[in-house]
Amino acid sequence: MDTQLLGNISENILGLFPIVKKKFFTYGPLDFPLHLSPNNFQVLMLLREVRSSTVSDLSKQLNVSRPNMTPLLDKLVEHGLADRQSCDSDRRVVNVAITQEGDAFCEQVFHTFSNKIQERLVYLPEEDLLHLSETLNELKHILLKIDNAAT
């Protein structure tokens, strides 16, 4: 495997994060209603994907310690976006599930972010928009192969 090529790819991917954040996203109360932090939102997005999980599994997937997960989950539960449930077979295990309100909130935030992205992109020429669309589709397709190759 060409390590120089891999290094170049990793640098380009890492270089995209600050550009995307600067061009499309600002974190503040308007972006994260209910005064949720980006970390709260990250937990909620994972719950949206997995639907239900143990606190331990969530903390592993997000690389957050269990004690640090507690306040993140408390905030989601407080706003009705997630629900905690004790495991019947092992009372030490706590399951967390996204609620209907959590799903609706995610849809609202996605809609808000999508609108912000579209507002920024509207100034690009159509040729650039077509190229960007094709490139992002191809990037997504390639990146999805990583999970398949690792399993």
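Before any of the text, the structure's been laid out above.
Described in the following lines is the structure provided in the data block. If you're wondering where the values come from, they're calculated on a predicted model, not measured in any experiment.

### Observations regarding the packing of helix α2 (residues 38–50) against helix α3 (residues 55–62)
Phase 1 of the analysis: Where α2 contacts α3, the two axes come as close as 11 Å, and the packing angle between them is 115°. The way α2 lies across α3 gives a crossing that is right-handed. Residue-level contacts link Gln-42, Val-43, Leu-46, Leu-47 and Val-50 of α2 to Leu-58, Gln-61 and Leu-62 of α3.
Phase 2 of the analysis: Tallied by class, the residues present in the contact of α2 with α3 amount to six nonpolar, two polar and no charged.

### A closer look at the side chain of Asn-40
Phase 1 of the analysis: Take Asn-40: it is sitting in helix α2.
Phase 2 of the analysis: Classification of Asn-40 by relative accessible area gives buried; the value is 5%.
Phase 3 of the analysis: Not counting the four nearest positions on each side in its chain, Asn-40 is found in contact with Pro-71, Leu-72, Lys-75 and Leu-76.

### Describing helix α1 (residues 3–24)
Phase 1 of the analysis: Between its first and last C-alpha, α1 extends 32 Å over 22 residues, near the 32 Å set by a 1.5 Å rise per residue.
Phase 2 of the analysis: Two to three positions downstream of the cap, the backbone nitrogen of Gln-4 sits 3.0 Å from a side-chain oxygen, assigning the N-cap of α1 to Asp-2.

### Here we look at the sheet that holds strand β2 (residues 82–86)
Phase 1 of the analysis: Taken in spatial order, the three strands make up an open sheet running β1-β3-β2, and their pairing is antiparallel. Each edge of the open sheet carries a strand with a single partner, namely β1 (52–54) and β2. Strand-to-strand twist in this sheet, taken as the mean axis angle between neighbours without regard to direction, amounts to 25°.
Phase 2 of the analysis: Alignment of β2 against strand β3 (residues 94–98), held across five bridges, turns out to be antiparallel. Bridged to Asp-83 within β3 is Ala-97.
Phase 3 of the analysis: Sheet strands in contact with α3 are β1 and β3, and its direction is about 90° off that of β1.

What counts, and where the lines are drawn
Residues numbered from 1 in each chain as written. Predicted model: local features only at pLDDT ≥ 70, side-chain atom pairs only at ≥ 80, totals over all residues. Heavy atoms only, no water. Axes fitted to C-alpha atoms, helices over the stretch in contact; angles between N-to-C directions. Helix = DSSP H or I, 4+ residues; strand = E, 2+ residues; numbered from the N terminus. Left-handed = near helix turned anticlockwise from the far one by under 90°. Contact = heavy atoms within 4.5 Å. Nonpolar A, V, L, I, M, F, W, Y, C, P; charged D, E, K, R; others polar. Buried < 20%, exposed > 50% of the residue type's maximum accessible area, 1.4 Å probe, protein only. Expected span 1.5 Å × (residues − 1). Polar contact = N/O pair within 3.5 Å; in protein donor to acceptor, adjacent residues only side chain to side chain. Pairing = 2+ DSSP bridges.

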